[in-house]
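Here is what each chain is made of, one letter per residue.
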Amino acid sequence: MIVDDIAERPALEATIDLAAIAHNVEVVARRSGAAVMAVVKADGYGHGATPVARAALAAGATDLGVATVAEALALRADGITAPLVAWLHTPTTDFAPAVDAGIELAVSSTRQLDRVITAAAHVGETAVLSVKIDTGLARNGVGPQEWPDLRDALAKAVADESIVLRAAMCHLARGDEPEHPLNDVQAARLDECVRELDRLGVAPQVVHISNSAAALARPDLSRDLVRAGIAVYGTSPLPEGYGLIPAMTLSAEVSMVKKVSAGQGVSYGHTWTAPHDTTLALLPAGYADGVPRLLSNRLRVQINGRSYPGVGRICMDQMVIDLGTDSDVTEGDRAVLFGSGADGGTTAKEWAATIGTIDYEIVSGIRGRAQRRHVTSAVSGVPEVRR
Ligand SMILES: *Cc1c(COP(=O)(O)O)cnc(C)c1O
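Structure report, in brief.

Rules of the game
Residue numbers restart at each chain and count upward from 1, following the sequence in its written direction. In view of the model being predicted, local features appear only for residues whose pLDDT reaches at least 70, and side-chain atom pairs are presented and counted only at 80 or more, with totals across whole chains, interfaces and linings using the full set of residues. Hydrogens and water molecules were not included; the side-chain quantities draw on all heavy atoms of the structure. Starting at the N terminus, helices and strands are each numbered in turn, a helix being any DSSP run of H or I of at least four residues and a strand any DSSP run of E of at least two. Note on method: radius of gyration uses C-alpha positions; expected globular size equals 2.2 Å times residues raised to 0.38. With a 1.4 Å probe rolled over the protein chains alone, any residue whose accessible area is under 20% of its type maximum counts as buried; one over 50% counts as exposed, and the rest are partly exposed. Only heavy atoms matter for contacts: two residues are in contact if any of them lie within 4.5 Å across the pair. Residue exposure ignores everything except the shown protein chains as possible cover, and the areas themselves are Shrake-Rupley values with a 1.4 Å probe. Being paired, for any two strands, means DSSP has found at least two bridges between them. Whether a set of points on the 1 Å grid over the protein atoms alone is a cavity depends on a 1.4 Å probe fitting there but being unable to get out, while an open set qualifies as a pocket with protein on both sides within 12 Å along at least five of seven lines; lining residues are those with an atom within 4 Å of a point. Grid points are joined across faces, edges and corners, and a volume is the space filled by probe spheres set on the points. Following the grouping adopted for this structure description, the nonpolar residues are Ala, Val, Leu, Ile, Met, Phe, Trp, Tyr, Cys and Pro, the charged ones are Asp, Glu, Lys and Arg, and the polar ones are all others, Gly among them.

**A few points about the overall build of the protein chain**
And step 1. Broken down by element type, the protein chain carries 12 helices and 19 strands.
And step 2. Over its C-alpha atoms the protein chain spans a radius of gyration of 24 Å, differing by no more than 12% from the 21 Å that the globule rule assigns to 387 residues.
And step 3. Its C-alpha atoms give the protein chain principal-axis dimensions of roughly 80 × 40 × 40 Å.
And step 4. Classification of the 387 residues of the protein chain by burial places 53% in the buried group.
And step 5. Here the analysis covers contacts within the protein chain between residues at least 6 apart in sequence; of these, 68% occur between residues at least 24 apart.
And step 6. As displayed, the protein chain offers around 16,600 Å² of accessible surface, 52% of which is attributable to carbon and sulfur atoms.

Rendered as structure tokens:
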């Protein structure tokens, strides 16, 4: 149960359980056998980067990871002092404030390295770097063709004392297929790059490969650290759940309850027609808030512990629920759209499966009128971690 200590709740609320975040960090640490970097990019996958970062660090995470320098600077501005790396840059990214704020920069090209060195000289501080190596994802990271140049430039920059090389990292293309041979190929390629750096006398202090899926299912790929995103937020990217607890609950106040007669079409296009006299509930949540329109006529919500179907088109701001003929739901009751699933309710992962996407997209897409509230649940409901 969520500890609910405020009387007035927003009409549409994303409740974030920081006890679940802490529990999930512990699960990842135990399964991976490595230090945990909590990935809090995209505002903590829609959960709020700073509160999630604090909860994850308190639960034993050692590092934080984000995509952009702007995201990293926002965490520093909120007083987060933990090791923090940003890995996605553009030719106009200003590295100087990042170096000044002690943010580790993962570089993917010699151009980026040169610009970080220039920024560090300008600020008058040594930049702490990671090198991000493309071992097979073919997305960000230095590719095999440019690697020898970047490797040698890194060695020179370390020798010049213009940078410290803290880490070498790569990202898996098929981490969510734990047994796929590409995972081992990618790990072997990274290990080889690390050996090359070592031979040049600039071995990185830390090596990391794994995302959530690999952290949970392939502990043999854990090097010094795993970069866990979605698992920290409580879902497993694999069929097995690993005892993770979804941290976000999306709930809405029932705005209106009204009776309609048999044969009444509901919402735009009348895609659903009441088969008998029934009672409808209106919820102030729509696709502008991140409820996918594709879930029209394909979702269920829980109100007062009972499950009811969503009917008719999901609109920009609102959606309709069929309460049937014997419901006690009244205006002002609270509907849970998705949550931990513990009480038989729907999860974001189920929404994603229904419409052919992943829950990363669902939770990071909650927006609009949804207001976030951070709570800490009583831990008694947290299941024991399975090793
Ligand atoms: C987003 C991201 C992660 C986290 O991935 P999850 O699947 O959410 O654990 C890890 N590493 C990099 C480079 C990423 O961009």
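**What to know about the pairing of strand E10 (residues 248-253)**
And step 1. Among the 6 residues in E10, 5 count as buried, and that is most of the element.
And step 2. The sheet contact formed by strand E1 (residues 12-17) and E10 spans 5 bridges and is antiparallel. Across the sheet, the residue bridging to Glu-13 is Ser-251, located in E10.

**Side note on empty space enclosed by the protein**
And step 1. Tallied over the entire structure, the rule returns 2 cavities of 30 Å³ or more.
And step 2. Roughly 80 Å³ of internal volume is contained in the largest cavity.
And step 3. Around the largest cavity, the lining is made up of 13 residues, and of these Tyr-233, Thr-235, Pro-246, Ala-348 and Val-363 lie nearest the centre.
And step 4. Elements with a minimum of two residues in the lining of the largest cavity: helix H10 (230-233) and helix H12 (359-364).
And step 5. In terms of residue class, the lining of the largest cavity is made up of 8 nonpolar, 4 polar and 1 charged.
And step 6. Computed from the structure, the second largest cavity encloses a volume of approximately 30 Å³.
And step 7. Taken together, Lys-132, Ile-133, Asp-134, Thr-135, Leu-137, Asn-140, Cys-170 and His-171 form the lining of the second largest cavity.
And step 8. Taken together, the residues that form the lining of the second largest cavity break down as 3 nonpolar, 3 polar and 2 charged.

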